[in-house]
Amino acid sequence: MSKPTVRKGGRPSKPTDEKRTHVVTIKLNDAEYSDLLERSKAAGVKMAEYVRHGAFRLTIVSRLSEIEKEIAKGILNLSSDFNQAMTCFHQLKLRSAANKLAAVVDKMFDILKKLRPNKETDYVCKNT
């Protein structure tokens with residue numbers, strides 16, 4: 001009579017190219033952690049899988065290109081020169097010219113507000 005072969009229990013090992021060996025650590029405050037936990041539970045996956053999916057399925061895109069950022073900074077840095085010009089217009093009693101210049105600058109700043117990144121988050125997440 002031959003000896004029965006002993007079977008190893010448990011799940012079969014993954015191939016080495018599929019094994020996850022690196023760990024990435026992030027720090028979250030209580031509100032962020034609870035929000036992430038709720039989202040992962042709502043999705044029906046473990047938190048690690050939820051974060052992994054988000055990291056590889058989303059692309060973070062800058063709101064402005066480097067050239068656009070430089071142009072916006074340059075225009076915003078002109079504000080002190082603008083204030084000096086407005087002071088001169090008012091001193092010389094050129095109110096109509098000052099009003100026209102102010103209207104042009106207001107329109108320019110409206111455009112810049114659309115281009116200027118939000119100070120809290122200077123990126124936009126988009127699904128790919």
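The name that an unreviewed UniProt entry assigns to the protein chain is Plasmid mobilization relaxosome protein MobC, with the source organism given as Duncaniella dubosii.

The next point concerns the overall build of the protein chain. The secondary structure content of the protein chain amounts to five helices and two strands. Beginning at the N terminus, the succession of helices and strands in the protein chain can be written as α-α-β-α-α-α-β. In the protein chain, buried positions account for 6% of the 128 residues. Relative to all contacts within the protein chain whose residues are 6 or more apart in sequence, the contacts with residues 24 or more apart total 60%. Accessible surface, the protein chain: about 11800 Å² in total, of which carbon and sulfur atoms supply 56%.

Running from N to C, helix α1 (residues 30–43) and helix α2 (residues 47–57) cross one another at 95°; their axes reach a closest spacing of 9 Å. In terms of orientation, α1 and α2 fall into the roughly perpendicular class. Note on element contacts: α2 touches α1 through Met47, Tyr50 and Val51, opposite Tyr33, Leu36, Leu37, Arg39, Ser40 and Ala43. Of the residues in the contact of α1 with α2, the class split is seven nonpolar, one polar and one charged.

To continue, consider the pattern of salt bridges. The tally for this structure, following the rule as stated, stands at two salt bridges. The partner of Asp35 in a salt bridge is Arg39, with the nearest N and O atoms 3.3 Å apart. Of this pair, Asp35 and Arg39 both sit in helix α1, four residues apart, which is roughly one turn of that helix. The class of Arg39 is partly exposed, set by a relative accessible area of 47%. With its nearest N and O atoms 2.5 Å apart, the salt bridge here joins Glu49 to Arg52. Placement of both Glu49 and Arg52 in helix α2 is noted, with a separation of three residues, approximately one turn of the helix. Accessibility expressed as a relative area gives 35% for Glu49, which makes it partly exposed. When its relative accessible area of 25% is taken as the criterion, Arg52 is described as partly exposed.

We now examine the side chain of Ser40. Mapped onto the elements, Ser40 comes out in helix α1. Each residue touching Ser40, except ones within four places of it in the same chain, is listed here: Val45, Lys46, Met47 and Tyr50.

Glancing now at the confidence of the model for the protein chain. Residues with a pLDDT of 70 or more make up 83% of the protein chain, whose mean pLDDT is 78. Of all the helices and strands in the protein chain, strand β2 (residues 123–127) carries the lowest mean pLDDT, 46, while α1 carries the highest, 92. Ignoring residues within four places in sequence, the model shows residues 119–128, a span with pLDDT below 50, making 23 contacts including any to other chains.

Let us look at the environment of Leu76. Residue placement: Leu76 occurs in helix α3 (residues 66–77). Residues Leu76 and Met108 lie 32 residues apart in sequence; the distance between their C-alpha atoms is 9.9 Å.

With that settled, the discussion passes to a nonpolar patch on the surface. Together, Val24, Ile26, Leu28 and Tyr33 line one region of the surface with nonpolar side chains, adding up to about 420 Å² of accessible area. Of note, Val24 is situated in the segment before α1. Given the relative accessible area of 73%, Val24 is considered exposed.

Quick notes on the rules
Residues numbered from 1 in each chain as written. Predicted model: local features only at pLDDT ≥ 70, side-chain atom pairs only at ≥ 80, totals over all residues. Heavy atoms only, no water. Helix = DSSP H or I, 4+ residues; strand = E, 2+ residues; numbered from the N terminus. Buried < 20%, exposed > 50% of the residue type's maximum accessible area, 1.4 Å probe, protein only. Contact = heavy atoms within 4.5 Å. Areas by Shrake-Rupley, 256 points an atom, 1.4 Å probe, with all protein chains shown as cover. Axes fitted to C-alpha atoms, helices over the stretch in contact; angles between N-to-C directions. Parallel < 35°, antiparallel > 145°, perpendicular 65-115°, else oblique. Nonpolar A, V, L, I, M, F, W, Y, C, P; charged D, E, K, R; others polar. Salt bridge = Lys/Arg side-chain N within 4 Å of Asp/Glu carboxyl O. pLDDT = per-residue confidence, 0-100. Patch = residues over 30% accessible without salt bridge, like charges linked within 9 Å, V, L, I, M, F, W, Y side chains within 5 Å.

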